[in-house]
Amino acid sequence: APKRAIRNYAIAAEDATEVFAFDDAVRRYRRAIELLPDLAAGRQRDQVELELLHAMSLPLNAIEGYASSSLRESLERSAVLAERLGELRLHVLTLVALFAVRFVQGDVLESYRIGEQALALSAGGPEEGQAHFALGGAAAELGRHTLAVDHFDKAHQLAIDRPPSLVGTRPEVHARAWCAHPLWVLGRGAEAVSWADWASSGP
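The text that follows walks through the structure, step by step, so that each part is easy to find. Here the structure is a predicted model, which is why all the values come from computation and not from measurement.

Turning next to the side chain of Gln130. In this structure, Gln130 sits in helix H7 (residues 128-141). By relative accessible area, Gln130 is classed as buried at 3%. If sequence neighbours within four positions are ignored, Gln130 has contacts with Leu93, Val96, Pro163, Pro164, Ser165 and Pro171.

Further remarks concern the packing of helix H2 (residues 22-34) against helix H3 (residues 43-64). At a minimum axis separation of 9 Å, H2 and H3 run at an interaxial angle of 145°. By crossing handedness, the relation of H2 to H3 is classed as left-handed. From H2, Phe22, Asp23, Ala25, Val26, Tyr29, Arg30, Ala32 and Ile33 reach across to H3, where they touch Leu52, Leu53, Ala55, Met56, Leu58, Pro59, Leu60, Ala62, Ile63 and Glu64. A breakdown of the residues in the contact of H2 with H3 according to their chemical character gives 15 nonpolar, no polar and three charged.

Looking now at the packing of aromatic side chains. One pass over the structure, following the stated rule, counts seven aromatic pairs. Ring plane angle 40° and centroid distance 5.6 Å describe the contact between Phe152 and Trp178, whose orientation is recorded as tilted. Highlighted residues: Phe152 in helix H8 (residues 145-159) and Trp178 in helix H9 (residues 171-185), separated in sequence by 26 residues. Three or more aromatic residues joined by ring pairs form one cluster here, namely Phe99, Phe103, Phe133, Phe152 and Trp178. Across the ring face of Tyr112, the terminal group of Arg144 is positioned such that the distance to the ring centre comes to 4.9 Å. When the ring centre of Trp195 is taken as origin, the NZ or CZ atom of Arg176, which lies over that ring, is 4.1 Å away.

Now for the packing of H3 against helix H4 (residues 69-85). Running from N to C, H3 and H4 cross one another at 150°; their axes reach a closest spacing of 9 Å. With respect to H4, the axis of H3 lies roughly antiparallel. As H3 runs across H4, the sense of the crossing is left-handed. Contact residues: Arg43, Asp46, Gln47, Glu49, Leu50, Leu53, His54, Met56, Ser57, Leu60, Asn61 and Glu64 in H3; Ser70, Leu71, Ser74, Leu75, Arg77, Ser78, Leu81, Ala82, Arg84 and Leu85 in H4. Grouping the constituent residues of the contact of H3 with H4 by class yields nine nonpolar, seven polar and six charged.

Procedures and definitions
- In every chain, residue numbers begin from 1 and rise along the written sequence.
- Reporting of local features is limited, given that this is a predicted model, to residues whose pLDDT is at least 70; pairs of side-chain atoms are given and counted only at 80 or more, and all residues count toward the totals for whole chains, interfaces and linings.
- Hydrogens and water are ignored here; the side-chain numbers use all heavy atoms of the structure.
- To qualify as a helix, a DSSP run of H or I must reach at least 4 residues; to qualify as a strand, a run of E must reach at least 2; elements of each kind are numbered from the N terminus.
- For every residue, the accessible area (1.4 Å probe, protein chains only) is compared with the maximum for its type, and the residue is labelled buried under 20%, exposed over 50%, or partly exposed between those bounds.
- Any two residues whose heavy atoms approach within 4.5 Å at even a single point are treated as in contact.
- For every element, the axis is a line fit to its C-alpha atoms; helices are fit only across the contacting stretch, and the angle between N-to-C directions ranges from 0 to 180 degrees.
- Crossings are classed by handedness, with left-handed meaning an anticlockwise turn of the near helix from the far one by less than a right angle and right-handed meaning a clockwise turn.
- Under this grouping Gly is polar, as are all residues other than the nonpolar Ala, Val, Leu, Ile, Met, Phe, Trp, Tyr, Cys and Pro and the charged Asp, Glu, Lys and Arg.
- Ring pairs shown here join Phe, Tyr and Trp side chains whose ring centres sit within 6.5 Å, with only the six-membered ring taken for Trp; geometry is labelled stacked below 30 degrees between planes, edge-to-face above 60, and tilted in between.
- Note on criteria: charge over ring means Lys NZ or Arg CZ within 6 Å of the ring centre, with the direction from the centre no more than 35 degrees off the ring normal.
- If an angle is under 35 degrees, it is roughly parallel; if it is over 145, roughly antiparallel; if it lies from 65 to 115, roughly perpendicular; otherwise it is oblique.

Right under this line is the structure:
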């Protein structure tokens, strides 16, 4: 039965991810996704597809990197599914991951727009810190250094003790490391050093 086969491939992919066999994990997730048309169309199939795409994001990023066109396509499809299903948290997680992909691909303005969308959707929610991280990164690259520091500070505060991003980074650590640059540009050298030291060694 296709439902059982999809589940078995997903379990095998999870096991492969746990031992860092990322090539095997991606191959198995893709095989599970290939079997989805054998299920009846509808909300349940969309939910399964979204779960598979999300789970595949980390190993796919590990082997192909943030600039991967495959990762971008997977995340764009995830965003469509999450919005369709009304999965707000999963939608925000997808957008933050998509921000990272578009940023590394060089489309900083688009990454900023995605960050704004993520923040609007996440306001007051558990993933708001990740959205602030996305906006901080894009703002820093656009030369909006004061704004970047503000978003990075909020990202650090709100993402502490929260799960990592969909593609594996820890926003509370990454925010402090990245924030060292706009702090330095703003002439706040002592703070830049402090934030960079925290990111490298912890509080």
